Amino acid sequence: MSNYMSIQGGDVKREIARAMGEALLKRNGYEILQGCFDWSELHSFIVARDPEDGALVLAECHLVDEFESEGLMDRCVCERAAYDWLYVNPDTADSALRFDEIQVRQIGDSGKGLLKHVINVLGKSA
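Note that the structure is predicted; figures quoted are calculated from it, not measured.

Caption draft 1: Geometry of the overall build of the protein chain. When you go through the protein chain residue by residue, the secondary structure sums to two helices and five strands. In the protein chain, the order of α-helices and β-strands from amino to carboxyl end is α-β-β-β-α-β-β. Expressed as a percentage of its 126 residues, the buried residues of the protein chain come to 38%. At a minimum sequence separation of 6, the contacts of the protein chain that also span at least 24 residues come to 56%.

Have a look at this one:
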């Protein structure tokens with residue numbers, strides 16, 4: 001059984017994970033194209049550009065109790081979200097597309113935590 005602590009438990013938890021994930025991406029040189037792409041009530045992504053290869057990245061952030069070795073993301077959800085984002089941002093459609101996951105283990109109420117950035121969590125996408 002997974003120790004996944006659902007970010008669906010509230011907007012505050014989702015915002016904490018997203019803010020920490022966005023800070024990590026910025027620190028690693030990613031260009032943030034949209035800091036909060038709320039695709040549905042349950043799924044929110046950070047849309048960014050990878051500085052190394054120029055890939056378009058949709059990163060979903062999750063608060064977790066323990067880091068997961070397997071990703072928590074669902075391919076169908078991610079691909080539908082990417083389609084919707086690209087539909088309204090067609091100028092980025094010629095880029096490679098990648099799905100990343102940022103797992104956040106928050107340390108108390110300090111606003112700090114340990115982060116695990118899983119690059120290309122779903123493998124090659126269509």
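There is more to say, and it comes next.
Caption draft 2: Looking closely at the pairing of strand E2 (residues 44-49). With six of six residues buried, E2 is to be regarded as a mostly interior element. Bridging between strand E1 (residues 31-38) and E2 involves five bridges; their strand directions are antiparallel. Bridging across to E2, Glu31 finds its partner in Arg49. In textbook terms, the turn of a hairpin is the stretch between consecutive antiparallel strands, and for E1 and E2 this stretch comprises five residues. For E2 and strand E3 (residues 56-63), the ladder comprises five bridges, and the chain directions are antiparallel.

Caption draft 3: Just helix H2 (residues 75-88), in detail. In this model, H2 (14 residues) spans 20 Å end to end at C-alpha, consistent with the 20 Å of a helix rising 1.5 Å per residue. Within the sequence span of H2, burial applies to Val77, Cys78, Ala81, Ala82 and Trp85. Buried residues in H2, looked at end-on, bunch into an arc of 130°, giving them a common side. Exposed and facing more than 90 degrees away from the buried side of H2 are Tyr83 and Tyr87. Where the residues of H2 are buried, they touch E1, E2, E3 and strand E4 (97-107). The opening residue of H2, the one whose side-chain oxygen lies 3.2 Å from the backbone nitrogen of Cys76, is Asp74.

Caption draft 4: Region of the structure containing the sheet that holds E2. In spatial order, the strands read E1-E2-E3-E4-E5; together these five strands make up an open sheet with mixed pairing. The two strands at the open ends of the sheet, each matched to only one other strand, are E1 and strand E5 (112-118). Each adjacent strand pair in this sheet contributes to an overall mean axis angle of 25°, direction not counted. Relative to E1, H2 is tilted by about 115°, and along the sheet it contacts E1, E2, E3 and E4.

Rules behind the numbers
Residues numbered from 1 in each chain as written. Predicted model: local features only at pLDDT ≥ 70, side-chain atom pairs only at ≥ 80, totals over all residues. Heavy atoms only, no water. Helix = DSSP H or I, 4+ residues; strand = E, 2+ residues; numbered from the N terminus. Buried < 20%, exposed > 50% of the residue type's maximum accessible area, 1.4 Å probe, protein only. Contact = heavy atoms within 4.5 Å. Pairing = 2+ DSSP bridges. Expected span 1.5 Å × (residues − 1). Arc of directions from axis to C-beta. Polar contact = N/O pair within 3.5 Å; in protein donor to acceptor, adjacent residues only side chain to side chain. Axes fitted to C-alpha atoms, helices over the stretch in contact; angles between N-to-C directions.

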